[in-house]
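# Survey of secondary and tertiary structure
One-letter residues, chain by chain:
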Amino acid sequence: MRAIAPSYYPMFRCIAGACRHTCCANWEVDIDPETYDKYMNMSGAFAERIRSSIVVEDDGSSTGEAHFVLRPDGRCPMLRDDGLCDLILACGEKALCRVCDEHPRFFNYRSDVIECGIGLSCEAAIPLILGWDKGFEMVDVPLPGGADLDLDDVIEEEPDELEIEVYEARDNAIRAASDRSAALSERVRMLGGPLWDSGRRLEVMKKLESLSQEWVSIYSRIDAAADPFTVLDDPQYSLQFENMLVYFLFRYPWEGARLACELLLMVADCVIANPSVDLFDIVREFSSNVEYSDCNIDDIQSFL
Ligand code: SF4
């Protein structure tokens, strides 16, 4: 099995203590069963602290679902005030559970290759993805597996016809999205087909689950009569929006180009409605609230 990723992927570095919007707060970190067993078998005072920071909830499975109990301010109990992680400092990166080790990376498992990406919920990944001006290209990268991902379980096989079709369509869409012979607004109309207007997108956003009040404030300012296409062709934003479209197409191969275009236009709606908010802040809020929630993506799909 080989792994491939966009050419910016190997350049990603977590900025840890310098991060203003750490991913170690405001969402519960699920602890995978292998790491949970490791924590249960560790010895020493720090191991006791780890164990006393974990709860196991009954999710109907034989093992239950373990996660760290967030502090009242929403931060992970292992996160220090200076933004560093006590668990890494005491036990090294190998002690991290899978979610912490991988984030903000995501993986699409194809039959014969693993596609790796970094996501727009991370403030260090956003400028890398959206500011990339060298074209979208896939390169070979080391296989993921730092956190006990058992690659022996991933059996390489020939893709079937449907998978080949889906990924060919996705790759064609990425080429079309990157073709600057047409304005970005035209590329989006061509790829997305019949798209919602801003009012309908706002209705859908209101139905989704939100993690932060900031996000609710951002989308609540949307004017249903605004035209989000104007912002796509604004030279100030066109590279970022083109890269965002390519990112959505790359990340959601099975969901198709319509979803990618609607997600892009949701961000564009928010940018028009919030002229004093930085684009990267809007993107980060959108990604952590909407895009990183499988339920929200499923809900948007169901409305399409
Ligand atoms: S959001 Fe990104 S940069 Fe910030 S702590 Fe998480 S991985 Fe690191």
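Values in this document were obtained by computation on a predicted structure and should not be read as measured data.

### A short note on the overall build of the protein chain
Within the protein chain, the secondary structure is distributed over 14 helices and 7 strands. A total of 304 residues make up the protein chain; the buried ones form 31% of that total. Considering only contacts in the protein chain between residues 6 or more positions apart, those separated by 24 or more positions represent 74%.

### Notes on the site of the ligand
Around the ligand, the neighbouring residues are C14, I15, A16, C19, T22, C23, H103, P104, C122, E123 and A124. In the shell around the ligand, the residues fall into 8 nonpolar, 2 polar and 1 charged.

### Describing the packing of helix α12 (residues 257-273) against helix α13 (residues 279-291)
One can describe the packing of α12 onto α13 by two numbers: an axis separation of 10 Å at closest approach and a directional angle of 135 degrees. In this view, α12 runs oblique relative to α13, as classed from their interaxial angle. The handedness of the crossing between α12 and α13 comes out as right-handed. Contacts between α12 and α13 involve L263, M266, V267, C270 and V271 from the former and L279, I282, V283, F286 and E291 from the latter. Looking at the contact of α12 with α13 residue by residue, the classes come out as 9 nonpolar, no polar and 1 charged.

### Some points on the domain arrangement of the protein chain
Per the domain assignment, the segments making up the protein chain are domain 1 (24-101) and domain 2 (161-303). For domain 1 and domain 2, the distance between their C-alpha centroids amounts to 33 Å.

### A word on the sheet that holds strand β3 (residues 54-57)
The 3 strands are arranged β2-β4-β3 in an open sheet whose pairing can be described as antiparallel. Of all strands in the sheet, those with a lone pairing partner are β2 (30-31) and β3, marking the two edges. Pairing between β3 and strand β4 (residues 65-68): 4 bridges, direction antiparallel. Across the sheet, residue V55 finds its bridge partner in β4, namely H67.

Conventions used here
- Residues numbered from 1 in each chain as written.
- Predicted model: local features only at pLDDT ≥ 70, side-chain atom pairs only at ≥ 80, totals over all residues.
- Helix = DSSP H or I, 4+ residues; strand = E, 2+ residues; numbered from the N terminus.
- Buried ≥ 20, exposed ≤ 12 C-beta atoms within 10 Å, placed from the backbone.
- Contact = placed C-beta atoms within 7 Å.
- Near = placed C-beta within 6 Å.
- Nonpolar A, V, L, I, M, F, W, Y, C, P; charged D, E, K, R; others polar.
- Axes fitted to C-alpha atoms, helices over the stretch in contact; angles between N-to-C directions.
- Parallel < 35°, antiparallel > 145°, perpendicular 65-115°, else oblique.
- Left-handed = near helix turned anticlockwise from the far one by under 90°.
- Domains from an automatic or database assignment.
- Pairing = 2+ DSSP bridges.

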